[in-house]
Amino acid sequence: MPNVIRKAVITAAGMGTRFLPATKSVQKEMLPLLDRPMIHYVVEEAVMCGIRDITVVTNAGKNSMQDYFSPSPALEKALSKKPELLEQVRAISKMAEFHFVQQTEQLGFGHAVLMAKDSIGNEPFALLLPDDIIDAEIPALKQLLNVYGKLGGSIVAVQRVPMERISAYGVIKPKKLSDKTYRVMSMTEKPSADKAPSDLGIVGRYILSPEVFRKLQVKQTGALGEIPLTDAINTLISQESVYACELTGTRFDVGNPLGLLKASVAFALKDKNISGEFREYIKSLLSKPKD
Ligand code: G1P
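In what follows, the accompanying structure is described. Note that the structure is a prediction, hence the values are computed from the model and not measured.

In the neighbourhood of the ligand, the contacting residues comprise F109, L129, D132, Y169, G170, E189, K190, I202, V203, T230 and R251. The backbone of I202 places a nitrogen or oxygen atom 2.6 Å from an oxygen atom of the ligand. Here R251 contributes a side-chain N or O atom positioned 3.5 Å from an oxygen atom of the ligand. Alone, the ligand offers 380 Å² of accessible surface; in the complex the protein occludes 77% of this. When grouped by side-chain class, the residues that make up the shell around the ligand number five nonpolar, two polar and four charged.

All right, on to the state of the cysteines then. Inspection of the entire model under this criterion finds zero disulfides. Between C49, a free cysteine, and C245, which holds the nearest cysteine sulfur, the sulfur-to-sulfur gap is 11 Å. Look at C49 and you get buried, because its relative accessible area is 14%. Judged by its relative accessible area of 4%, C245 is buried.

So, on to the packing of aromatic side chains. Under the definition given, this model contains seven aromatic pairs. Consider the rings of Y68 and F69, whose centres lie 5.0 Å apart with planes at 90 degrees: the pair is edge-to-face. Neither residue differs from the other here; Y68 and F69 are each classed as buried. When the ring centre of Y41 is taken as origin, the NZ or CZ atom of R36, which lies over that ring, is 4.4 Å away.

With that out of the way, let us pick up the pairing of strand β1 (residues 7-12). Looking down a regular strand, the side chains alternate between one sheet face and the other. With respect to burial, β1 is a largely interior element, six of its six residues being buried. By the alternation rule, side chains of β1 split into K7, V9 and T11 and A8, I10 and A12, which are all buried. Inspection of the sheet shows β1 paired to strand β4 (residues 53-59) by six bridges, in the parallel sense. Note on β4: the bridge partner recorded for K7 is D53. Pairing between β1 and strand β6 (residues 125-128): three bridges, direction parallel. In the strand pairing of β6, I10 is matched with L128.

Our focus in this paragraph is the pattern of salt bridges. Under the counting rule described, the total for this entry stands at 15 salt bridges. Here R160 ties to D199 by a salt bridge, and the two come within 2.5 Å at their closest N and O atoms. One end of the pair, R160, is in strand β8 (residues 154-160); the other, D199, is in the loop between β10 (181-189) and β11 (200-208), and 39 residues separate them in sequence. Owing to a relative accessible area of 46%, R160 belongs among the partly exposed residues under this scheme. With a closest N to O distance of 2.9 Å, E211 and R214 form a salt bridge. Taken together, the positions of E211 and R214, both in helix α8 (residues 211-217) and three residues apart, correspond to about one turn of that helix. Of the residues examined, R214 reaches a relative accessible area of 41% and is grouped as partly exposed.

Conventions and cut-offs
- Residues numbered from 1 in each chain as written.
- Predicted model: local features only at pLDDT ≥ 70, side-chain atom pairs only at ≥ 80, totals over all residues.
- Heavy atoms only, no water.
- Near = heavy atom within 4 Å.
- Polar contact = N/O pair within 3.5 Å; in protein donor to acceptor, adjacent residues only side chain to side chain.
- Areas by Shrake-Rupley, 256 points an atom, 1.4 Å probe, with all protein chains shown as cover.
- Nonpolar A, V, L, I, M, F, W, Y, C, P; charged D, E, K, R; others polar.
- Disulfide = S-S within 2.5 Å.
- Buried < 20%, exposed > 50% of the residue type's maximum accessible area, 1.4 Å probe, protein only.
- Phe/Tyr/Trp six-rings, centres within 6.5 Å; stacked < 30°, edge-to-face > 60°.
- Lys NZ or Arg CZ within 6 Å of the ring centre and 35° of its normal.
- Helix = DSSP H or I, 4+ residues; strand = E, 2+ residues; numbered from the N terminus.
- Pairing = 2+ DSSP bridges.
- Salt bridge = Lys/Arg side-chain N within 4 Å of Asp/Glu carboxyl O.

And the structure:
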């Protein structure tokens, strides 16, 4: 089994209900954060970590992501006199080798991951959720890969979450190994605050052993009648090592309008082309007396 992670899975198969009505016709992961769709950021993160083989799990009948990551001859022709834009557009389909698989039944996150089984084969892989965009000096996935390089096994990313919000997360029972690295003793999906084993909530970056596909196939159904990834990883723990890496960086939950807005503002304030004017605009809004 290679000890280098060569392949990544990106799950983008949800209904995007928190973004309705926009998601009636636009896939959530194609909504823009500044000038690029959300999914572009996680693809870029994987590519920055040396991963060139990317499987995107989509839901049936949505082709906009395939279109986005494929060459666009007509657009390229139209941009022939704008070399900078042309290069930008061409670079997208060259970022990686993309595979698209469909989740034809809405059976949840674990089932979506299982759809990538044939594309991944029998090797460890990275899993990225485009709902979680992490602004970090060292890309979030790279932080996990650094732990993987030392310890191997499967790795989940975690961050400290205020207890009043913990029930929205998978939560680990940790045993501290070193600064920001834990052995995972068990994990629970979306526990109530009084049952949560810690305040370390899982965020959407994983390195997983292919054994997880076999666990997902066992088809245990979780609280929501779905096949929860957290339960599948939990059953791995008795056989294989599972670790957690506490991420350094700011995580934005862009799976809802307010989260996307916060990420947009934070990214705009850092973008050298627009930050000056945008900062002035925000200042002027904030200095206006309230109606
Ligand atoms: C999923 C996972 C959960 C994790 C979360 C991070 O939940 O099931 O364990 O904490 O992503 O974003 P979802 O937010 O899709 O309900």
